[in-house]
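# Summary of the model geometry
Listed here are the chains, written in short residue letters.
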Amino acid sequence: MLPKVIGCLSGEVVSDAEKGELRIFGTRLTAINAQRLCNHLDTLVGVHVAEVIMHNLEFRAGKVDAARLRAERPRATLQELVKHLTRDDSLSGMGITKVALPENVKNPIEIEISNPSVKGAGGAAKAFAFSWWAGVLSGLLELEMDVKNFLYSEERNMMRCQIIPRD
Amino acid sequence: MVTEKAVVRADEVFAVNEKVRWVALASNRGDVLLNQMRAGVKSYSPPQVDREFAALGPLTILGVCERYSEYLKDVDYVVVWFHLAVCVYARLGTQVLAVSLEVDREAVADFLEWLEKKRRQVSAGRQES
């Protein structure tokens, strides 16, 4: 069986059942039910601690991804990198991510995810996507960023937040 | 960059009992506000491990235990009795304290008595502010 290529550009997502591999932009990943993982973490340690654990995990992962991306694309502008990352979000099933970068990056960066795969008003689900964005933007901007003004609308099936420099 | 003010100082904790070896304090978001060995005392573990543990370890342990709060009411503290040291983890307002002591029952009892007072003091301070 030939590897299945998904996405507009060849090689963006490659699912190779023969090898038991899934790759997005060349990075090997595993498709798991992240909502279930977040819900279970909430049950184990409570919603607040689960959110802190997920924040710690995703923030670090975001910083690592930022360093990798910078090394792979040393000449890319911030806008180009963010465009790549939002595409990565769509391909990996996170949802449709929109990032509004202000001219001055010390001003709030607005992020909205429509149709998010992991959703919730609190707990690990709250930190799952946006803490990663806080980490990746911290790495790219070389500023410690934080997630503020989080909003989840079940009715609109979307989550929104601002990423701002820490005090 | 962390600006949250620590609710306790290291010297205050070390003064409780000379058997207190190490003190750490983290915010409820996992920011380490304090991570200090008593002067002249050598840690059994690498400093980086202590720091990483201080960020999320005590908070996670307390979080797991607090799942029972629904039935058994609040958790005052968690004591872990290792062969080489005794560790105490507790919430102080919105922050989380972690302390290690020599294996000495009197020293631990002394420390827990101080901790109960300190928790009441921090809690009263929060209610006033």
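All residue numbers refer to positions counted from 1 along the written sequence of the respective chain. Just so you know, chain letters begin at A and ligand numbers begin at 1, following the order they were written in. Owing to the predicted nature of the model, reporting of local features is limited to residues with pLDDT of at least 70; listing and counting of side-chain atom pairs is limited to 80 or more, with chain, interface and lining totals taken over all residues.

### A look at the overall build of chain B
Check the secondary structure of chain B and you find four helices and five strands. The secondary structure elements of chain B, listed N-terminal to C-terminal, are α-β-β-α-α-β-β-β-α. For 129 residues, the compact-globule formula gives about 14 Å, and the C-alpha radius of gyration of chain B, at 14 Å, lands near that figure. Projected onto its principal axes, the C-alpha coordinates of chain B cover approximately 40 × 35 × 25 Å. Put simply, chain B has 129 residues, and 27% of those count as buried. By definition, residue pairs are in contact when their C-beta atoms, positioned from the backbone, come within 7 Å. Of all intrachain contacts in chain B linking residues separated by at least 6 positions in sequence, the fraction that spans at least 24 positions is 55%. A run of H or I in DSSP becomes a helix once it reaches four residues, and a run of E becomes a strand once it reaches two; helices and strands are each numbered from the N terminus. Every radius of gyration here is taken over C-alpha atoms, with the globule rule written as 2.2 Å times N^0.38, N being the number of residues. Each residue is classified by how many other C-beta atoms fall within 10 Å of its C-beta atom, where C-beta atoms are placed from the backbone; a count of 20 or more means buried, 12 or fewer means exposed, and values in between mean partly exposed.

### With respect to the confidence of the model for chain B
A score from 0 to 100, pLDDT tells how confident the predictor is in each residue. In this model, chain B carries a mean pLDDT of 94, and residues with pLDDT of at least 70 account for 95%. For this predicted complex, the interface confidence comes out at an ipTM of 0.77, alongside a pTM of 0.85.

### Things to note about the packing of helix α1 (residues 34-45) of chain A against helix α2 (residues 47-72) of chain A
Residue and element names in this part refer to chain A. Closest axis-to-axis distance for the α1/α2 pair is 7 Å, and the angle between their directions is 125 degrees. Overall, the two elements α1 and α2 adopt an arrangement that is oblique. In the packing of α1 onto α2, the handedness of the crossing is right-handed. Where α1 abuts α2, its residues C38, L41, D42 and V45 lie against V47, V49, A50, I53 and M54. Three classes are used, and their members are as follows: Ala, Val, Leu, Ile, Met, Phe, Trp, Tyr, Cys and Pro are nonpolar, Asp, Glu, Lys and Arg are charged, and the others, Gly among them, are polar. Among the residues forming the contact of α1 with α2, the class breakdown is eight nonpolar, no polar and one charged. Note on definitions: angles span 0 to 180 degrees between N-to-C directions of axes, and those axes are lines fitted to C-alpha atoms, for helices only across the stretch in contact. What sets the label is the angle itself: under 35 degrees gives roughly parallel, over 145 gives roughly antiparallel, 65 to 115 gives roughly perpendicular, and the rest give oblique. It is the rotation of the near helix from the far one that decides the hand of a crossing: anticlockwise by less than a right angle makes it left-handed, clockwise makes it right-handed.

### Here's the deal with the sheet that holds strand β8 (residues 158-165) of chain A
Residue and element names in this part refer to chain A. Strand pairing follows a simple DSSP-based rule, namely that at least 2 bridges must link the two strands. Here we have four strands laid out as an open sheet, ordered β5-β6-β8-β7, and antiparallel in their pairing. The open sheet has two free edges, formed respectively by β5 (96-100) and β7 (145-153), since each of these has just one partner strand. Pairs of neighbouring strands in the sheet enclose a mean axial angle of 15 degrees, with direction left out of account. The sheet contact formed by strand β6 (residues 109-114) and β8 spans six bridges and is antiparallel.

### A few points about the pairing of strand β2 (residues 13-16) of chain A
Residue and element names in this part refer to chain A. Note: β2 against strand β3 (residues 21-24), four bridges, orientation antiparallel. Looking across to β3, one finds that S15 is bridged to L22. Between β2 and β3, which pair antiparallel in sequence order, lie four residues; one of them, G20, sits at a positive phi of approximately 70 degrees.

### Brief notes about the sheet that holds strand β3 (residues 78-81) of chain B
Residue and element names in this part refer to chain B. Taking strand neighbours across the sheet as the criterion, the five strands line up as β2-β1-β5-β4-β3 in an open arrangement whose pairing is antiparallel. Two strands bound the open sheet, and with one partner strand each, they are β2 (32-37) and β3. The sheet shows a mean angle of 15 degrees between the axes of neighbouring strands, taken without regard to direction.

### Topic: the interface of chain A and chain B
Contact residues are listed per partner, giving ten residues for chain A and 13 residues for chain B. Of the residues forming the side of chain A that touches chain B, the biggest block, four residues, is contributed by α2(A). In terms of residue class, the side of chain A that touches chain B is built from five nonpolar, two polar and three charged.

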